[in-house]
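As a plain string of letters, each chain reads:
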Amino acid sequence: MDNISYKTSSDAATYSVKSKPPGKAGTWKDFITVTKPGILRTNLVAAFGGFWLASQWDVDYIKLILTLLGTMLVMASSCVFNNYFDRELDLKMERTRNRSLPTGRLTPTTVLSYAIILGIVGLAVLFYFSGVKAGLLGILGMIVYVGIYTLWLKRSSTWSTSIGGISGAMPPVIGYVAASGRIDMGAWLLFALLFLWQPPHFWALAIRRVEEYRAAGFPLLPVVKGIHRTKIQMIPYIVLLIPIPILMYAYGYAGMIFMIVSVLLSVLWAFYAFKGFTIKKEETDSWAKKVFFFSINHLTLSFLLMIVDTVHKF
C-alpha cells in the first residue's frame, strides 16, 4: 500500500484554516446538506436494487422500506462524520468552502452530535428489522468510510479512493442480505459492481479538480502521480466491470436485456476512457467531465435495468 504524506508548501499562505464567522444561523437545509443528499440518492437506488434482486419480485415491502431507512441513516451518519472531520480541509477548496461547517452556520459540536444520533438510529433499524448481517455490514461501511478513508487514507495515501470504495459498495449488499439473509454470489457480484465503478468515476472528478485537491493537500492519484497515470489506472477498473453483468445473467440473477445493455455501457465507458490518451492537454477538462457524467448514467441505467430485468422467483 502506498502510505505517503503529501502536502504543499503554499497551504498555509494560500488559505486560512479558521472557520469563518457565521453570517446566519443554520437552517434545516444545512442539516440536510451535511448528509450529502446526492450520495444518499445514488446509494439508495443501489440498496433498493440489491433488495429487489435478492427478492426476485417476491418483495416484503415493509422490510424494504425499513432497510432503505436504516441504510440511509447509516450513510447519512457517515457523511456527516466526514463533514465534521474535514471541516478545516474543506476551507481550502472552492468546491467545499461554503459548506455549513466551514462557514460556521453549524457548529462542530452540533454536527458531531447529529452524526452520532443518525448512526445509532440507523444501525438500530438495520439490526432490528433487516437482520444482524445487514447491521454488521452497516458497521463495516461506517468504519471504512469514517475511520479508514476519512481519518487515515484520504490524508496520507493515493489508495484512499480504492479502499474507500469498500464502503461505497455496501448499500446494495446490505439490501441484498436484508432480503435473502445470506452472503452468496449475488452479494459478491453486487459488491464488485459498485466497488469497481467508484475509482474511475471519482478520478474523473479529481482530474477536473486536481489543482484544488493539490492546494488542499489531498494526496489523490492525479495530484501525486499525475493525470496520465490516473488515466491508465482507470482502465482496469472499467474493463473488469464488463464481465459482472455476464456473470449475473449466467448465475440466474438478472436477464439478458440487463446483461447486453450493461456490457455495452461498460464497453462504451472504456472507449471514452481510452480516448483520453488521444486528446490534447487543453481538452482534458472537457474529456474528464464527459467521463464523469457518463459514469453516473452508467450506474443509474445499470441498476434500473437490473431491477426491471430481475429474474422472477416463480
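Before reading on, note that the structure itself is shown above.
Residues numbered from 1 in each chain as written. Predicted model: local features only at pLDDT ≥ 70, side-chain atom pairs only at ≥ 80, totals over all residues. Heavy atoms only, no water.

Student: An account of the layout of surface pockets is requested, with residue identities and associated values reported.
Tutor: One number sums up the size of the second largest pocket: a volume of about 230 Å³. Along its surface, the second largest pocket is lined by 16 residues, and Ala 54, Ser 55, Ala 179, Ser 180 and Lys 313 are the ones closest to its centre. Elements represented by at least two residues in the lining of the second largest pocket include exactly α3 (37-55) and α9 (170-180). In the lining of the second largest pocket, the residues fall into 7 nonpolar, 3 polar and 6 charged. (1 Å grid on protein atoms, 1.4 Å probe; cavity = no way out; pocket = protein on both sides within 12 Å on 5 of 7 lines; lining within 4 Å. Points joined across faces, edges and corners; volume = space filled by probe spheres on them. Helix = DSSP H or I, 4+ residues; strand = E, 2+ residues; numbered from the N terminus. Nonpolar A, V, L, I, M, F, W, Y, C, P; charged D, E, K, R; others polar.)

Student: Quick one: what's the story with the nonpolar core, residue by residue and with numbers?
Tutor: Core analysis: the biggest nonpolar cluster contains 84 residues, and Tyr 213, Met 248 and Phe 303 have the highest contact counts within it. Here Met 248 is in contact with Leu 53, Leu 189, Leu 190, Tyr 253, Ala 254, Phe 258 and Met 306, once residues within four sequence places are set aside. (Core = buried A, V, L, I, M, F, W, Y, C linked by side-chain atoms within 4.5 Å. Buried < 20%, exposed > 50% of the residue type's maximum accessible area, 1.4 Å probe, protein only. Contact = heavy atoms within 4.5 Å.)

Student: Explain the environment of Phe 31 residue by residue, including any values.
Tutor: In this structure, Phe 31 sits in helix α2 (residues 28-33). By relative accessible area, which is 28% here, Phe 31 ends up partly exposed. Spatially, the C-alpha atoms of Phe 31 and Tyr 114 are 8.5 Å apart, while their sequence positions differ by 83 residues. If sequence neighbours within four positions are ignored, Phe 31 has contacts with Leu 106, Thr 110 and Tyr 114.

Student: Could you give an account of the packing of helix α13 (residues 227-241) against helix α14 (residues 243-250), naming the residues involved and the relevant values?
Tutor: Put simply, α13 and α14 touch, their axes get as near as 5 Å, and they point 20° apart. Between α13 and α14, the angle falls in the class roughly parallel. Together, Val 239, Leu 240 and Leu 241 of α13 and Pro 243, Ile 244 and Pro 245 of α14 make up the contact between the two elements. Broken down by class, the residue content of the contact of α13 with α14 amounts to 6 nonpolar, no polar and no charged. (Axes fitted to C-alpha atoms, helices over the stretch in contact; angles between N-to-C directions. Parallel < 35°, antiparallel > 145°, perpendicular 65-115°, else oblique.)

Student: Can you explain α14? Please cite residues and give values.
Tutor: Taken together, the buried positions of α14 are occupied by Ile 244, Pro 245 and Met 248. Here the buried residues of α14 occupy an arc of 95° about the axis, which is enough to place them on one side. Residues of α14 that are buried sit in contact with α3, α10 (185-208), α13, α15 (256-275) and α16 (284-308). Residue Gly 252 follows α14 closely and has a positive phi angle near 80°. (Arc of directions from axis to C-beta.)

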